[in-house]
Amino acid sequence: MFTVRPLSVAISATLGFSLADAALAQDDASVMEPRLALEEVLVTARKRSESLFDVPGAVSAVSPDTLESLRMNDARDLLTLVPTAFLSEGVAGTARDVNIRGIGTPNLFAESGVATYIDEVYSSGYISYPTQFYDVERIEILRGPQGALYGRNAVGGAMNVISHRADPEFGGRIRGSYARYDRTELEGTVNVPFSSSFAGRFTGWYTDQEEGEYFNPAADEYIDANDSKGLRGVFSWTPTEDLSIDLVIEDTEAEAAGTALYFPGDGERKGSVARDDHPRNEWDTTRIAAIGSYSTDLGEFTVVLGSRDYELDGVEDTDLTADNPFDLLTGQLGKQTLTRTNEVESDYLELRWLSPQWGNVDILAGINLLDESATGFSFTDLPDVSQNFSGGTLPANLALNNDQELESWAVFAELTWAFSDTWDAILSARYTEDEKSVDFAYEPSVLISSILGAAAFADETRTFDNFSPGITLNWAPTDVLRVYAKIQTGFRAGGYNFNVGSIDNLAYDEETSINYEIGSKYEFWDGRAKLAASFFLLEQEDVLVPLFDLTVPGPLGGYLDNVAEAETYGVEVEASALLTEGFTTGIAVGWLDAAFTEGMDSFGNDLDGNQLPASRDWTFSLTGNYRKAINDSWQILSDFSFTYRDEGFTDVQNQSEVSDAELLNLSLGFDFNGLIVQAYGRNLLDDDYDLAFGVRAPASLGVISAEGRTYGINVQYVF
């Protein structure tokens with residue numbers, strides 16, 4: 001899938017393709033021999049396999065070739081290709097949030113705004129850390145609420161990540177790369193057929209970046225150094241043509257930066273970010289997915305089973321200095337160290353049935369169950385407070401423990417009625433019920449309780465339910481034109497805040513959305529070009545807003561509550577074209593007007609008219625890849641992408657403005673009988689755009705910026 005810039009570019013491209021189509025139609029048919037056409041893309045966005053062109057909705061599908069050639073193994077890169085989408089990041093190195101159509105996740109532990117499914121298993125509850133994209137078959141991004149088929153947390157959309165399945169032929173590849181910042185990457189895949197009906201596919205990866213841009217002279221280490229390693233096994237069994245079973249097992253370990261804020265207003269530079277505690281995070285994620293499908297005369301029956309275990313251990317220098325003086329008058333408490341552990345365990349089951357075509361009607365129906373638990377534990381130590389108040393005899397620390405449990409079930413159905421040769425009506429709905437419980441403990445030491453308040457405990461359970469209907473009208477007057485109109489709802493599940501200092505601020509309710517949309521898809525130039533456009537109005541109620549409890553000292557005063565409403569309208573255009581044999585290009589453009597329509601913050605400021613922090617007015621991407629065969633052995637490879645994200649805000653008050661981002665990525669190389677060598681550059685414009693902001697006492701503003709210009713070499717052998 002390829003992708004455009006502002007609207008005038010998209011319109012010009014459309015007119016250009018149409019004129020070319022008309023001109024070619026007048027030429028002799030032999031000019032087009034052999035016929036060139038864009039490859040058909042199959043997706044499972046509606047939980048059935050169908051052509052992307054036939055899906056009545058705004059869906060982007062990113063191919064593995066695009067991800068690989070442009071070194072897009074991270075969600076931040078992927079989302080730059082999708083209109084009205086981007087990835088926002090928090091200051092602690094753990095908060096990474098997928099944003100679509102102005103809807104994201106207000107903080108790390110809140111229920112997400114975009115539902116994520118990895119190999120059909122729900123993966124976006126308490127913590128949804130986007131996976132790394134190695135050896136994937138495709139990635140699908142569904143824009144707009146998807147409450148009927150995808151359920152909880154599909155307020156702004158949904159993302160499907162599908163691992164490459166095993167196939168009955170032996171093959172594989174070995175890849176290695178080296179880049180700036182002393183970064184090494186190794187990856188290997190081998191596909192092994194054990195029999196005519198059973199095969200396994202094994203993928204392993206290892207990355208190690210020794211250097212970076214944020215150097216900590218106190219620890220003599222780069223804060224943004226990182227490494228990761230993982231192993232995935234995919235087993236595919238097709239004992240009969242009607243039965244297929246896939247099993248995916250994956251384990252990933254990673255170490256990366258914690259809070260990498262630097263404070264330019266205080267004279268800090270990226271090359272000198274002195275911290276007495278070196279901020280680090282370590283992750284370990286294990287996931288299992290099993291998908292079985294059986295086709296009968298009564299339809300196709302599918303079972304999805306999955307589990308996920310996630311663990312994070314981190315250390316933070318929360319005073320953000322190497323030598324923080326103790327001064328109560330300015331709010332400086334001296335050295336502050338935070339250690340944390342977060343764990344998530346979830347089990348998922350989905351049963352669904354797709355009926356055969358009964359005359360002009362087919363039905364998709366299903367049920368799913370989710371059992372999830374999460375633990376958030378943090379421990380803050382303030383040794384200078386202990387020393388100054390008690391000579392070091394009394395500890396000065398604060399423990400915060402928040403254990404949460406979720407039991408969720410849902411039933412859903414979608415009925416498609418073809419009431420004429422060219423018209424379909426699609427009716428869909430889902431009912432979801434969540435039971436959530438929390439066991440919360442705020443436990444300051446005796447010395448700290450005299451400053452921050454006494455210990456507090458809570459143990460409670462709440463039940464939430466939601467009904468998410470939708471309706472779509474789909475018109476297909478010809479083989480090359482699709483037009484649809486739809487109304488679809490979605491919801492963000494209610495729940496409990498994690499890091500708060502008062503039990504009164506624990507709970508929040510569900511947030512709902514409804515989307516009104518019309519769109520069209522058009523194939524022209526004899527199948528060599530495709531264009532898709534959508535126009536939408538998205539309304540949100542009970543929007544979660546970050547608030548601050550002035551009765552709770554320190555950072556634990558922050559919490560989320562449903563105090564606002566919002567409205568977003570926008571346009572999305574995507575086009576792709578096979579310009580010549582071997583040269584494919586795409587453009588995508590999105591425009592949003594996303595704003596609060598009512599709401600107040602903790603300080604009495606009216607939010608009406610403020611831009612949603614999870615939005616950018618303009619998003620744009622231009623991509624291309626060129627493959628030129630020199631002879632039977634040699635092929636030239638070239639790829640590029642240019643993406644633009646407009647400026648925006650990180651806060652609901654619209655006071656912390658993030659800069660726009662312009663990213664240019666290029667790769668050039670050759671393929672000699674399966675030996676592929678490519679030189680690549682990322683962020684070649686060296687755009688030092690902002691990722692996140694933070695503060696330290698006494699109210700200094702810090703920033704995290706994107707990684708600068710990077711060059712590298714990639715070598716792989718395909719067999």
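Parameters at a glance
Residues numbered from 1 in each chain as written. Predicted model: local features only at pLDDT ≥ 70, side-chain atom pairs only at ≥ 80, totals over all residues. Heavy atoms only, no water. Helix = DSSP H or I, 4+ residues; strand = E, 2+ residues; numbered from the N terminus. Rg over C-alpha atoms; globule rule 2.2 N^0.38 Å. Buried < 20%, exposed > 50% of the residue type's maximum accessible area, 1.4 Å probe, protein only. Lys, Arg positive; Asp, Glu negative; His and termini not counted. Charge placed at Lys NZ, Arg CZ, Asp CG, Glu CD. Pairing = 2+ DSSP bridges. Phe/Tyr/Trp six-rings, centres within 6.5 Å; stacked < 30°, edge-to-face > 60°. Lys NZ or Arg CZ within 6 Å of the ring centre and 35° of its normal. pLDDT = per-residue confidence, 0-100. Contact = heavy atoms within 4.5 Å. Polar contact = N/O pair within 3.5 Å; in protein donor to acceptor, adjacent residues only side chain to side chain.

1. Looking at the overall build of the chain
Looking only at helices and strands, one finds 6 helices and 41 strands in the chain. Computed over C-alpha atoms, the radius of gyration of the chain comes to 26 Å, within 12% of the 27 Å expected from 2.2 N^0.38 for 719 residues, which places it in the range of a compact globule. Burial statistics for the chain: of 719 residues in total, 54% are counted as buried. Taken together, the 45 basic and 117 acidic charged side chains of the chain have centroids lying 6 Å from each other.

2. Concerning the sheet that holds strand 7 (residues 121-122)
The mixed open sheet is built from 5 strands, whose spatial order is 3-8-9-6-7. Two strands close off the open sheet at either side, each with one partner strand: strand 3 (59-62) and strand 7. Note that strand 3 and strand 8 (residues 136-143) share 4 bridges and pair antiparallel. Each residue of the ladder has a partner; that of Val59, found in strand 8, is Leu142.

3. Remarks on the packing of aromatic side chains
If you walk through the whole model with that rule in mind, you get 23 aromatic pairs. Ring geometry for Tyr522 against Phe524: centres 5.0 Å apart, planes inclined by 20 degrees, an arrangement best described as stacked. Its relative accessible area of 2% is what places Phe524 among the buried residues. These aromatic residues form a ring-pair network of at least three members: Tyr117, Tyr122, Tyr150 and Tyr348. Lying across the ring of Phe536, Arg101 places its NZ or CZ 3.8 Å from the centre. Above the face of the Phe263 ring, Arg696 is positioned so that its terminal group lies 4.0 Å from the ring centre.

4. Focus on the confidence of the model for the chain
Chain-level pLDDT for the chain is 90 on average; 92% of the residues reach the 70-or-more range. In the model, residues 1-33 has pLDDT below 50 throughout and makes 70 contacts with residues more than four positions away in sequence or in other chains.

5. Digging into the side chain of Arg696
With respect to the helices, strands and loops of the structure, Arg696 is situated in strand 39 (residues 690-696). In terms of polar contacts, Arg696 uses its side chain to reach the side chain of Glu268, at 3.5 Å. With residues near it in sequence (within four places) discarded, Arg696 still touches Phe263, Asp266, Glu268, Arg275, Asp319, Leu320 and Thr321.

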